[in-house]
Structure formats: structure tokens, C-alpha cells
Amino acid sequence: MPLGTGRAPGKVILFGEHAVVYGRPALAVPVSQVWAEAHVEALSSTNELTIWAQDLGEKISLSDAPADHPLASAVRLTLGCLGIVNPPAWQVCVHSTIPIASGLGSGAAVSAAIVRAVASAASQELPLRTVSDLVYEVDRLHHGTPSGVDNTVVAYEQPVYFVRGQPPQPFTIGRPFLLAIADSGIASPTRIAVGDVRRRWTESPERYEAVFDRIAAVVEAAHRAIAVGEAAALGPLMDVNHQLLVELGVSCEELDRLAAAARDAGAGGAKLSGGGRGGNLIALVTDRTAAPVESALRQAGALNVIVTRVDHGLA
Ligand code: MEV
């Protein structure tokens, strides 16, 4: 029996990535088909806390791990928050089905699973806000200026209208809708794309602020359409958002090809989701178009495609 367990879903950003780093709103939803989990076991052979990252085949000793090691940081920050000064002789085992660097929030979900498992091993349950804050601290190691959207969605496990620095607002979904999520197979660390956008913004702030404003207008329109159940209106908004992300320089040939293939096969619209330059593309589908869009995405090079229902709770 493990001493404690924790789990967290993946996420997709529906609208507003990148602009959200600059104070504009974003809409994001959890995705339950992919998840990270952690469990804590008592160790009798050693008195050192170790982390076993199963997918990476890596065993990390907490005392030897560098200060910025993301998994070790999640453990250290949680122990600190719980007031545990001396790390217990635990093994924290981590496993995730979320592709790394794909825009599905793998880093945030792994951190959230660790935070929950360590807290539960200490017989404590942390408030969602605290889980979210701890994951944010770890995310800052992955990329220096996270907006906070990823940690919020994986911690709260709800669709969220998010503005940096404001309490997350869960949003109403008037009528559930379907998304095809296609993995381009290109690993693309968020911090690289975020850093490139920052460089461009520093060089021409007015130009990029104007793009962020146009993205914000798309997010607001999408927020209204989702609330009143007009899913079909989301397709054209996704296309506009994708084009604005192209203008920010965060798309790539493969993502543009997947978007075109999805639209040609009957998707209502398509856009990259997350940091871009690779990672995932999302396409608006219906019960009728889901299968042809999925097969078109695979033919256009998608490594994997998930069709998911966006609903009030987990997608
Ligand atoms: C990454 O999932 C989303 C970005 O907007 C970065 C962030 O919000 O921190 C690209």
C-alpha cells in the first residue's frame, strides 16, 4: 500500500496562449485522457528521499538534485509548505502518459501529482489554490515567465477563463463540444517559444501588443460563444487565433499542414495549442467529422490524435 497518491490531468489551451503571458485572457480546459500520477512508498533500505521517474528511467536523490531540478523542486516545495524540515525516507514514484513538451501541460501535471502525493503521504490535503501556487513555483523553473494558466487548470481540473494575477474564473459550457487533439510529434519546450516572443515584443512592442489585443478579442468572443452553447462559432475563431499565432512566429510548417488537413477534412476550425513550434494542434469536430478529421490528421503526419468532449468538468 502506498503512503500517498496524487494524480493530475493534462490540459489544452482553447484560446489565448502567449498573449496570456502579457495580461490578456485565455481559455483552457483539463484533458482527462492523459494524466500524470505519483505515489509515495516507505523506504527501509536507506534513509534518503528518492524520486523514481519511471518514464525517464531516472532515480534522483533529493539531497543531490540541483536546486532547479523540476521533480526535486516539487518535492522540496511541498515538504516546505507542509512544514516538514527533514525529508522522510520515502520513494516518490512518478509516471505520466502526457507527452513531454507537447503543449498538454505535462510539466504542470507531473508537479501537481507530486504535490498531491507528498501531501497525502503526510496525511494532509492541500487547498486547490496551494497546489496551484506550488506548481506555479516549479513551472517558473521550466520557463521564467509562466502566465499561471497551466498550473491553474491542472490543479483546479475545471475549464478556466484565466487572466494573469487574477483569481481563476471557471467558465460555463452551454453545450459540450468535441475537439480532436493532434500531436505533431515535435517536442517543443514552451520556454523557447515564450522567450522568442519576448525578444520580438521587446524589439517592436507596439506591433506585438496589437496582436495580443486581437487575440484577446478572439478569446472574449469565444468565451461568449461557449457560454451560450454556440460551438460552431468557435471554428472560425480558432482559425483567426491560429493566424495570429503565426504572426507571433510560434507556428511551424508541420502545424500549419495539420491545420489545413483538419479543415479540408471537415473540421470547423483548427489552431495550435500551447507554446507552439511543435506540440499539439486542436481542431473543432462533431460526431460526424471526428473520424475523417482524425484520419486526415494522421495522414498529414500526426503521431497521435485524441478526440475529447469539452464539458463542465474534465474534458
Ligand atoms: C503554455 O501552455 C502557454 C503559454 O501561453 C505560456 C504561458 O501561459 O505561460 C505559451
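Here the structure is a predicted model, which means the values were calculated and not measured.

Colleague: Any chance you could explain the site of the ligand here in plain terms?
Modeller: Residues in contact with the ligand amount to 14 residues; listed here are only the nearest, Lys11, His18, His143, Ser147 and Asp150. Backbone polar atom of His18 to an oxygen atom of the ligand: 2.9 Å apart, as the coordinates give it. Take Ser147: an N or O atom from its side chain is 2.6 Å from an oxygen atom of the ligand. Contact with the protein chains hides 98% of the accessible area of the ligand, taken as 300 Å² for the molecule alone. Sorting the residues of the shell around the ligand by element identifies strand 1 (4-15), helix 4 (149-156) and helix 5 (190-203) as the ones contributing at least two each.

Colleague: Even after reading the chapter, I still don't get helix 2 (residues 106-121), so can you show me in this structure?
Modeller: Note on helix geometry: an α-helix contains 3.6 residues per turn, so any two residues three or four positions apart are oriented the same way. A rise of 1.5 Å per residue sets the reference length of helix 2, with its 16 residues, at 22 Å; its end C-alpha atoms lie 22 Å apart and thus fit the reference within 8%. The buried fraction of helix 2 amounts to 14 of the 16 residues, a majority that puts the element mostly inside the structure. Where helix 2 terminates, the next one or two residues include Ser123, which has phi positive at roughly 55 degrees.

Colleague: Help me understand empty space enclosed by the protein in this model?
Modeller: Where empty space is left can be seen by rolling a probe of water-molecule size over the atoms. What the rule picks out here adds up to one cavity of 30 Å³ or more. Its boundaries defined by the atoms lining it, the largest cavity holds a volume of some 30 Å³. Contributing to the lining of the largest cavity are Leu14, Phe15, Phe177, Leu179, Leu234, Met238 and Ile282. Broken down by secondary-structure element, the contributors of at least two residues to the lining of the largest cavity are strand 1, strand 8 (177-183) and helix 7 (234-248). Here the lining of the largest cavity is built from residues that sort into seven nonpolar, no polar and no charged.

Colleague: Help me out: how do you make sense of the layout of surface pockets in this one?
Modeller: Its volume calculated, the second largest pocket comes out at about 290 Å³. Residue lining of the second largest pocket: 15 residues in total, with Arg129, Asp133, Thr152, Phe162 and Gln166 positioned closest to the centre. At the level of elements, helix 3 (128-142) and helix 4 are the ones that each hand at least two residues to the lining of the second largest pocket.

Colleague: What exactly am I supposed to notice about the packing of helix 5 against helix 6 (residues 205-227) here?
Modeller: Two numbers describe a pair of packed helices, the interaxial angle and the distance between the axes. Two numbers describe how helix 5 lies on helix 6: the axes approach to 5 Å, and their chain directions differ by 120 degrees. One way to sum up the angle between helix 5 and helix 6 is to call them oblique. Taking contact as the criterion, the partners of Val197, Arg200, Trp201, Thr202 and Glu203 in helix 5 are, on helix 6, Pro205, Tyr208, Glu209 and Phe212. A class-by-class count of the residues in the contact of helix 5 with helix 6 yields five nonpolar, one polar and three charged.

Colleague: So what exactly am I meant to see when it comes to the domain arrangement of the protein here?
Modeller: The parts lose accessible area when they come together, and the size of an interface is often stated as this lost area. Annotation of the protein at the domain level lists domain 1 (4-169) and domain 2 (172-310). Computed over C-alpha atoms only, the centres of domain 1 and domain 2 are separated by 25 Å. At the interface, 29 residues of domain 1 touch 46 residues of domain 2. Approximately 2,900 Å² of surface area, both sides summed, lies buried where domain 1 meets domain 2, with 67% of it carried by carbon and sulfur atoms. When the buried area of domain 1 at its contact with domain 2 is split by residue, Phe15, His18 and Tyr22 rank highest and sum to 26% of it. Between Glu17 and Lys271 there is a salt bridge, with its nearest N and O atoms 2.9 Å apart. For the pair domain 1 and domain 2, the number of links is 12 residue pairs in polar contact (both at pLDDT 80 or more). At the level of secondary structure, the elements contributing two or more residues to the side of domain 1 that touches domain 2 comprise strand 1 and strand 2 (26-42). In terms of residue count, strand 2 provides more of the side of domain 1 that touches domain 2 than any other element does, six residues in total. In terms of residue class, the side of domain 1 that touches domain 2 is built from 19 nonpolar, eight polar and two charged.

Colleague: How should helix 1 (residues 70-82) be read in this particular structure?
Modeller: With 13 residues, helix 1 ought to run about 18 Å at 1.5 Å a step, and its terminal C-alpha atoms sit 18 Å apart, in line with that. Within the span of helix 1, buried status applies to Leu71, Ala72, Ser73, Ala74, Val75, Thr78, Leu79 and Leu82. In the core, the buried residues of helix 1 are packed alongside strand 3 (50-53), strand 4 (58-61), strand 5 (90-96), helix 2 and helix 3. Count one or two residues on from helix 1 and you reach Gly83, which has phi positive near 75 degrees.

Quick notes on the rules
- Residues numbered from 1 in each chain as written.
- Predicted model: local features only at pLDDT ≥ 70, side-chain atom pairs only at ≥ 80, totals over all residues.
- Heavy atoms only, no water.
- Near = heavy atom within 4 Å.
- Polar contact = N/O pair within 3.5 Å; in protein donor to acceptor, adjacent residues only side chain to side chain.
- Areas by Shrake-Rupley, 256 points an atom, 1.4 Å probe, with all protein chains shown as cover.
- Helix = DSSP H or I, 4+ residues; strand = E, 2+ residues; numbered from the N terminus.
- Expected span 1.5 Å × (residues − 1).
- Buried < 20%, exposed > 50% of the residue type's maximum accessible area, 1.4 Å probe, protein only.
- 1 Å grid on protein atoms, 1.4 Å probe; cavity = no way out; pocket = protein on both sides within 12 Å on 5 of 7 lines; lining within 4 Å.
- Points joined across faces, edges and corners; volume = space filled by probe spheres on them.
- Nonpolar A, V, L, I, M, F, W, Y, C, P; charged D, E, K, R; others polar.
- Axes fitted to C-alpha atoms, helices over the stretch in contact; angles between N-to-C directions.
- Parallel < 35°, antiparallel > 145°, perpendicular 65-115°, else oblique.
- Contact = heavy atoms within 4.5 Å.
- Domains from an automatic or database assignment.
- Buried area = accessible area lost by both parts, 1.4 Å probe.
- Salt bridge = Lys/Arg side-chain N within 4 Å of Asp/Glu carboxyl O.

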